[in-house]
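Take a look at the letters that make up each chain.
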Amino acid sequence: MLNRNAEALFWIGRYMERAENHARLIDVHYHLQGDEVTMGIDGNPENEAAEPYLKWARIVDALGSREDYEQQYDSYNERDVLFYTTLDRDNSNSLVSCVSHARGNLRTLREKVPSEMWDVTNAFYLWLREKQPDDLLRESPHLFFGKIKEWTALFQGVSQSVMPRENEWHFIECGRYLERSENTLRIIKAVGNAASGDGWNSASAYPYLQAVLRSVSGYQAFRRYYADGISVETIVEFVVLNSAFPRSLHFALHTLDDHMRHIELQDKQLRTAHERVIRQVGKVKADLACLEREDMVIDRGGTIVAHLLDACQQLGMAFAKTFFRMGEASA
């Protein structure tokens, strides 16, 4: 398989996973604003008017796009933030851009992947590009983001059903689960920063703790394990360390490792580089295995989360340098 094909497959997995994650994150944080409007920050309704940044900037911060946003917009408001994160073609990290990038990569592989995957991705893009900012505000944003999640689930279902379990499949899944690892860590980081006062340990953190679970669609699964025991310790343990929940960091890293090991290579030099990447994945897994849930709770400065996020980003660069023609793929 050519390097450029491997790169395209890897980024198809990443971009489709990123689109789903953005929809989850924006939806949860968007509706979290409703709670703040009702009760105000710190329980004081007047603070809502005094802190407009906290109302909308959190969504942009959660996606890591604050600097780019502020270069284009003078203030944070509902219309601008929703447009920027979903339909702004000039934002390379918006929903429509992610789907467009996935579609562009898939177009180059139409003869090499099942046609059903192209049909779904193309239909998804055509549906999304017709949306206007006023559509999001006039209709329910929750329904819109729900539809995004349905489209990405359809793509995943089709790819799971029709793709042979060969290198092409494993490259897509490597991209998906590396992106998922980073996204889960970004959710924890963003929500941890949003909790005021003492961060995770403050009384005001409760709605943000729930937001972590809802961002990964893990609320019901969490209740099966912990019933009503919603606390910092249990939520962090579930989202980071649970081995059975498919959106946990533990599950994503172990699945990434499994797909990495199933990639078959003929070139001896490339196999050596491939083994180095596998060992690098193993190091991140080892770091995670050494963690106790109490370590995450006392990590008020986010040092552990930042370390794990940096390690995942280093994995992406190592993967690109090993397999892709030009050394490093662009996000």
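Further up the page is the structure itself.
From a predicted model like this one, the values you see are computed outputs, not experimental measurements.

A. The arrangement of the packing of helix 14 (residues 249–262) against helix 17 (residues 303–323) in detail. Packing of helix 14 against helix 17 leaves a shortest axis separation of 13 Å and a crossing angle of 15 degrees. Considering their axes alone, helix 14 and helix 17 lie roughly parallel with respect to each other. Regarding helix 14 and helix 17, the two cross each other, and that crossing is left-handed. Residue-level contacts link Leu 249, Leu 253, Leu 256 and Met 260 of helix 14 to Leu 308, Cys 312, Leu 315, Phe 319 and Phe 323 of helix 17. Classifying every residue of the contact of helix 14 with helix 17 gives nine nonpolar, no polar and no charged.

B. Examining the packing of aromatic side chains more closely. Following the criterion strictly, the structure yields 22 aromatic pairs and no others. On the numbers, 5.3 Å between centres and 40 degrees between planes, the contact of Trp 11 with Tyr 15 is tilted. Here Trp 11 and its partner Tyr 15 are both found in helix 1 (residues 3–39), four residues apart, which amounts to about one turn of the helix. For the residue pair Trp 11 and Tyr 15, the accessibility class agrees, reading buried in each case. Judged by centre distance (5.2 Å) and plane angle (85 degrees), the rings of Tyr 69 and Tyr 84 are edge-to-face.

C. Layout of the environment of Asn 122. Within the element layout of this structure, Asn 122 appears in helix 7 (residues 115–129). On the basis of relative accessibility, which here comes to 17%, the residue Asn 122 falls in the buried class. It is 9.2 Å that separates the C-alpha atoms of Asn 122 and Leu 106, two residues lying 16 residues apart in sequence. Polar contacts involving the side chain of Asn 122 include one to the side chain of Arg 103, which spans 2.7 Å.

D. Inspection of the pattern of salt bridges at higher detail. All chains considered together, the criterion is met by 15 salt bridges. Residues Arg 14 and Glu 179 are paired through a salt bridge, measuring 2.7 Å at the closest nitrogen-oxygen approach. Taken together, the residues Arg 14 in helix 1 and Glu 179 in helix 10 (residues 167–194) connect sequence positions 165 residues apart. Looking at Arg 14, the relative accessible area reads 5%, which means it is buried. For Glu 179, a relative accessible area of 1% corresponds to the buried category. The partner of Arg 14 in a salt bridge is Glu 182, and the shortest N-O contact between them spans 3.3 Å. With Arg 14 in helix 1 and Glu 182 in helix 10, this residue pair connects regions lying 168 residues apart in the sequence. With respect to class, Arg 14 is no different from Glu 182; both count as buried.

E. Fine view of the environment of Leu 9. In this structure, Leu 9 sits in helix 1. Looking at Leu 9, the relative accessible area reads 1%, which means it is buried. The spacing of Leu 9 and Cys 174 is 165 residues in sequence and 9.2 Å in space, taken between C-alpha atoms.

Conventions and cut-offs
- Residues numbered from 1 in each chain as written.
- Predicted model: local features only at pLDDT ≥ 70, side-chain atom pairs only at ≥ 80, totals over all residues.
- Heavy atoms only, no water.
- Axes fitted to C-alpha atoms, helices over the stretch in contact; angles between N-to-C directions.
- Helix = DSSP H or I, 4+ residues; strand = E, 2+ residues; numbered from the N terminus.
- Parallel < 35°, antiparallel > 145°, perpendicular 65-115°, else oblique.
- Left-handed = near helix turned anticlockwise from the far one by under 90°.
- Contact = heavy atoms within 4.5 Å.
- Nonpolar A, V, L, I, M, F, W, Y, C, P; charged D, E, K, R; others polar.
- Phe/Tyr/Trp six-rings, centres within 6.5 Å; stacked < 30°, edge-to-face > 60°.
- Buried < 20%, exposed > 50% of the residue type's maximum accessible area, 1.4 Å probe, protein only.
- Polar contact = N/O pair within 3.5 Å; in protein donor to acceptor, adjacent residues only side chain to side chain.
- Salt bridge = Lys/Arg side-chain N within 4 Å of Asp/Glu carboxyl O.

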